[in-house]
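Notes for the structure review
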Amino acid sequence: MEKGYIHIYCGEGKGKTSILNGMVLRALGAGKKVEYVRFLKNRPTSENAILEKLGVHIKSFYHFSTKFVWEMDPKEVETFKKETLEGYEYFKQQLKNEKLDILLADEILGAVQNGFIDQKDLVEALKNKSQHLEVALSGRYSFAELNQVANLISEIKPIKHYLDEGVIAREGIEF
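Below, the structure is looked at part by part. This is a predicted model, so every value here is computed, not measured.

**Details of the pattern of salt bridges**
Scanning the entire structure with this criterion turns up 9 salt bridges. A salt bridge links Asp106 to Arg38; the shortest N-O distance between them is 2.9 Å. Taken together, the residues span a long stretch of sequence, with Asp106 in strand β4 (residues 102-106) and Arg38 in strand β2 (residues 34-38) at a distance of 68 residues. The partner of Lys92 in a salt bridge is Asp121, and the shortest N-O contact between them spans 3.1 Å. Of this pair, Lys92 sits in helix α3 (residues 74-94) while Asp121 sits in helix α5 (residues 119-127), and the two are 29 residues apart along the sequence. The class of Lys92 is partly exposed, set by a relative accessible area of 22%. Look at the salt bridges and you will find they share partners, linking Lys14, Arg170 and Glu174 into a network.

Below you can see the structure in the form of structure tokens.
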């Protein structure tokens, strides 16, 4: 690819990670070199298992706990922020990787939303990515400066979901 584009998949609906996973499968089918990083999530999923079998290791930058941010005490939040920043530095290095075709960053927007990653720094890093590199970012909320550098923005909007009726997440469907 001569020019790589920046994708944003955001919104409160289900499916943002599934979109990234679909991109991985398409890229692998086309013989592309893929790097996949994940923020704010560390629970095992069925898609992680199959992607691993296909040779894609999703690098998670959250190891010390399984809590959500709002469940953490201040010390845990600091540990979480440190791990997130380590992952963000890795992500920025990969933006310059000339051997890479596609870079996916699941929930990086959530890391920005939680104040772990600086908005302006992310925008600058993306502006200076390798020209050919395709980059896809996900998370609930984007922001104006990021939207300006993006080439594709899709918002996933919930209309109805059985989880709201008390159905718990099901293996092979939600994870």
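Read on, since the account is not over.
**Some thoughts on unusual backbone geometry**
In this structure, Leu40 is a non-glycine residue whose phi angle is positive, near 65 degrees. Mapped onto the elements, Leu40 comes out in the loop between β2 and α2 (46-53). In this structure, Glu107 takes a positive phi of about 65 degrees despite not being glycine. Structurally, Glu107 can be placed in the loop between β4 and α4 (108-113).

**Quick word on α3**
Here α3 is 21 residues long and its end C-alpha atoms lie 30 Å apart, about the 30 Å a rise of 1.5 Å per residue gives. Turning to α3, its buried residues are Glu76, Phe80, Glu83, Thr84, Gly87, Tyr88, Tyr90, Phe91 and Gln94. Axial view of α3: buried residues confined to an arc of 160 degrees, hence all on one face. Opposite its buried face, α3 presents the exposed residues Pro74, Lys75, Glu78, Lys82 and Gln93, each directed more than 90 degrees away. As for α3, its buried residues are in contact with β2, β3 (58-60), β4, α4, α5 and β5 (134-138).

**Regarding the layout of surface pockets**
One way to see where empty space is left: roll a probe the size of a water molecule over the atoms. Of the volumes computed, that of the largest pocket is approximately 1500 Å³. Lining the largest pocket are 39 residues, and of these Thr17, Lys41, Phe68, Glu107 and Arg140 sit closest to its centre. When contributions to the lining of the largest pocket are tallied by element, the ones reaching two or more residues are α1 (16-29), α2, β3 and α4. With 3 residues, α1 is the single largest residue contributor to the lining of the largest pocket.

**Notes on the environment of Lys67**
Within the fold, Lys67 resides in the loop between β3 and α3. Its relative accessible area of 33% is what places Lys67 among the partly exposed residues. Each C-alpha atom of the pair Lys67 and Arg43 lies 9.9 Å from the other, and the pair is 24 residues apart in sequence. In this structure, Lys67 is in contact with Tyr62, Met72 and Glu76, ignoring residues within four places of it in sequence.

Definitions and cut-offs
Residues numbered from 1 in each chain as written. Predicted model: local features only at pLDDT ≥ 70, side-chain atom pairs only at ≥ 80, totals over all residues. Heavy atoms only, no water. Salt bridge = Lys/Arg side-chain N within 4 Å of Asp/Glu carboxyl O. Helix = DSSP H or I, 4+ residues; strand = E, 2+ residues; numbered from the N terminus. Buried < 20%, exposed > 50% of the residue type's maximum accessible area, 1.4 Å probe, protein only. Expected span 1.5 Å × (residues − 1). Arc of directions from axis to C-beta. Contact = heavy atoms within 4.5 Å. 1 Å grid on protein atoms, 1.4 Å probe; cavity = no way out; pocket = protein on both sides within 12 Å on 5 of 7 lines; lining within 4 Å. Points joined across faces, edges and corners; volume = space filled by probe spheres on them.

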